[in-house]
Amino acid sequence: MFLLLRDLRRARRDAALPRGPRGALQLRHVDAGSCNGCEHELGAASGPAYDLSRFGISITASPRHADVLLVTGPVTGGMRVALERAYEAMSEPRLVAALGDCALGCGPFRRSPEAAGRLEDVLPVDVRIAGCPPSPDAIAAGLIPLLDRRAGAG
Amino acid sequence: MPEVARAAGAARAGQAVVGPDLLRDEVAAVLASGGAVQALFAAAAGDGLEARYVCATPAGDLVLRCPAPRGEVPTIIDLAPHLAWDEREARDLFGLRFAGHEPHRPLVHHPGDLAAWATPVLGDDVHQVAVGPVHAGVIESGHFRFHTVGERIVHLDIQLFHKHRGLERVAEGGSAEEALATVGRACAACSVATGIAIAHAVEAARGLWPDDDLRRSRTLLAELERLYNHLHDIGAICAGVGLAPGAMAFAALKERAQRAIADLAGHRFMFGAVAAGAGAVAADRAAAGRARGALRELAPDVAAAWRSLLFDASLRDRARGAGALPADEARRLGTVGPAARATGVATDARERSPRLRYAGLRPAVPPGAEGDVAARMEARALELTDTLAMLDELLDGPVAPGHALPSAPPSAHGVGRAESPRGETVCAVELDGGAVRRVHLRTASFANWPAVARACRGAILPDFPLVNKSFELCYACVDR
Ligand code: SF4
C-alpha cells in the first residue's frame, strides 16, 4: 500500500488551500436531481487532493447530525418530499447550501417541467456555491467561511 | 413512408412502418438475422401514439415504427427480455400499453402503494429493507427495496427516476444543437459518450459522415472520459470494501487525469466538448504534448497502483465470488460494457464504430471472467492499459476539431451509438427540418441496472454497496 500513498503525498503537496479556523462542520448532501457532476466534485473536495476534513469539514451519514444541508440539482418532483424530510430532520441551527448552478436556478435543467427549477423556491438558502459543476476549490472556498459563521451561531 | 414488407426487417436499413399484427414477426426476423433490438420507446405520431424499435441489423440501423391507434401494441419482452424497462417507461411516460406485459409495474411513476410496483416475495422470514432515495454517502438519489431472509438478499427491487427531469421532452421542438446541450448533459460522467451518441444520430439523419479529424477528436474525448471514469470506479470499489489507501490512491489518480483533461479540453468533465456536425475541441501541438506528457507520467503510476491492489488479500477476498453475474444472464438481460465483458461476453460498441477511430480494437475480456466484482474490476484495469496506449497515439500531434460532411440523402430518423465507460449507449432522433421532433436516449446505465439486481441475488446485504460500486452505474442518465 505504500506505493499508493506516494501519490497522496504528491497530491497533498499540490494543494494550496488556506488552513481553516478550528471547529467542525458536518455536511449532509442531498441530490435533488443533479447530473452527478456536482457529486463528483464534492467527492473530490473530500478526497486526497483537497481533503476538506483538514478544515474540520466532513460528510455525515444522517441529516440529524448535520449542520449544513448541501443540495444539488434543480429539485425534481421525485426528490422534493425526500429533500424536505431531510431538512426537517436537522436540528437548529441549520444552514442550507445550494451547490451548483442547477440548485441556483441557472443550470442546464432550469427549463425542466418536472422540477421546481431552483432550491430557493423550496428551502431557505443560506449559502450559494456557483459553477457547473463548482470546482473542488470553489466548494472549499464556499464552505470554509461557514466554520466562522457556525461558531457565531453557536 | 416506405411500404411494409412482411417479416423482412432483417434485410432493410432505414425506417419501416409495421402494424401491431405483424410487429412480433418483424422483431423475430431481426433477431433471427443476427440483429438486435437495442431500444424501444413511444412517440407521438399524428393524432395518436406509436412504438418505435431501434434495431441493429446486419444491413444497418433500422427504426421500426408501430402505430398504436388504440393506444396498444403487443409486448415483445418474451422475445427480447432486456426491453422490459423500456416498455414500462413508455407506458408511464406516454400511456402506451403493451398487451401481454402484465401486470404493469410503474417505473417512472412512484405509486404510494408498495404492491403496485414491488415484486411480491413470499416465504418464511422474508422481510424488507428499504434504502434511499437519500443515501448515507455522497451519491445519487434512488430507492432500493431488498427482500431478505436474515441478511441474505432474495430479491432486489430498484426504484429509480427520482431525478427524472423530462429532458427528452424539454429538447423536443428545439434545434438538434439544443437537444445535444440538454439531453447530452443528462449525466456528467458520461457526457462525452452521450453527446457522441446524440451527435451520431443527428448526423445519420442529416446524411453526414465525420471526416478523419472529427473521428480522431471525438475518439480522443471518449477515451479521456473512459480514463477518468475507470480510475474513479476502481477507487469506488476499494471504498466499497473500506480499503482507504486504494480508494484514496485512485481518487488522486483520477484527479490528475481530470486536471490534464481540463487543461486540454477546457473542462474537467468535458462539458461542451461535443457538438453536432463538427468538432468542438482543438489543441495545438504544445497543448496536445502537455496532455500526452501528463498521461505518460500517469500511466506507470496507474499500473503500480493496480499491482498493489492485486497483492491486497483483503480486497481480493471480498471481491472474488461477490455479486457474480452468469454470462447467460448477462446476455438475457442485455448487459453491456465492462460488466458484460467481465462475464466473458465479448461485446464492445467500439468494435462497431466506423464513425470513430477504433480500427483493430478487441473487447477486453479478463481471463477466466467470472462475472464477479473482481472480474468487473479487472475488466476496467485491462481497459485502462488499452485506453492509455490509445490516448498516447491520439495525442501525437495537434488536435483539429474536424467536420461531418454530406455523404447520403437526409432522412427524418437517425440512430447513433457510443461505448461509454459503462457500455453501449444508443440514441434515436427524429428531425423535422431543423427541429427535433423526438429524441430518445438509452444509456448503458439504463441497460445495466437490472443486472445489478440479478448480481446481488443471494449476496448478503453488507455486500450490496460493493456489488453496486462494481457496476458503478449512473442514476442521472437513467432518470433523464
Ligand atoms: S450544476 Fe452542472 S454539474 Fe451540477 S448538477 Fe447541474 S448540470 Fe450537473
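Coordinates for the structure precede this section.
**Q** Whenever I open this one, the sheet that holds strand β3 (residues 48-57) of chain B confuses me. Can you help?
**A** Strand pairing in a sheet is mediated by backbone hydrogen bonds. Such pairs are either parallel or antiparallel. Residue and element names in this part refer to chain B. With mixed pairing, the 4 strands of this open sheet are ordered in space as β1-β4-β3-β2. Single-partner strands in this sheet number two, and they are β1 (14-17) and β2 (36-45). Averaged over all pairs of adjacent strands, the angle between their axes in this sheet comes to 25°, without regard to strand direction. Note: β1 against strand β4 (residues 60-68), 4 bridges, orientation parallel. When the bridges of β4 are listed, Ala16 appears paired with Leu64. Helix-sheet contacts for helix α1 (residues 20-32) involve β2, β3 and β4, and the interaxial angle to β4 is about 160°. Here helix α2 (residues 84-94) sits on the sheet and contacts β2 and β3; the angle it forms with β2, its principal contact strand, is near 10°.

**Q** Help me out: how do you make sense of the pairing of strand β4 (residues 95-99) of chain A in this one?
**A** Along any regular strand the residues' side chains alternate between the sheet's two faces. Residue and element names in this part refer to chain A. Taking burial as the measure, the 5 residues of β4 include 5 buried ones, the bulk of the element. Note: strand β3 (residues 68-72) against β4, 4 bridges, orientation parallel. Its bridge partner lying in β4, Val68 is registered against Leu95. Once the chain exits β3 it traverses helix α3 (residues 77-89) before rejoining the sheet at β4, and the crossover so formed is right-handed.

**Q** Would you mind going over the sheet that holds strand β13 (residues 423-432) of chain B with me for this structure?
**A** Residues and elements named next belong to chain B. Ordered in space as β12-β13-β14, the 3 strands form an open sheet in which the pairing is antiparallel. Of all strands in the sheet, those bounded by a partner on one side alone are β12 (413-420) and β14 (435-442). When the angles between neighbouring strand axes are averaged without regard to direction, this sheet yields 20°. Where β12 and β13 come together, 8 bridges link them in antiparallel fashion. Its bridge partner lying in β13, Glu419 is registered against Glu424.

Reading the values: the criteria
- Residues numbered from 1 in each chain as written.
- Chains lettered and ligands numbered in written order.
- Predicted model: local features only at pLDDT ≥ 70, side-chain atom pairs only at ≥ 80, totals over all residues.
- Heavy atoms only, no water.
- Pairing = 2+ DSSP bridges.
- Helix = DSSP H or I, 4+ residues; strand = E, 2+ residues; numbered from the N terminus.
- Axes fitted to C-alpha atoms, helices over the stretch in contact; angles between N-to-C directions.
- Contact = heavy atoms within 4.5 Å.
- Buried < 20%, exposed > 50% of the residue type's maximum accessible area, 1.4 Å probe, protein only.
- Right-handed = clockwise from strand over helix to strand, strands pointing away.

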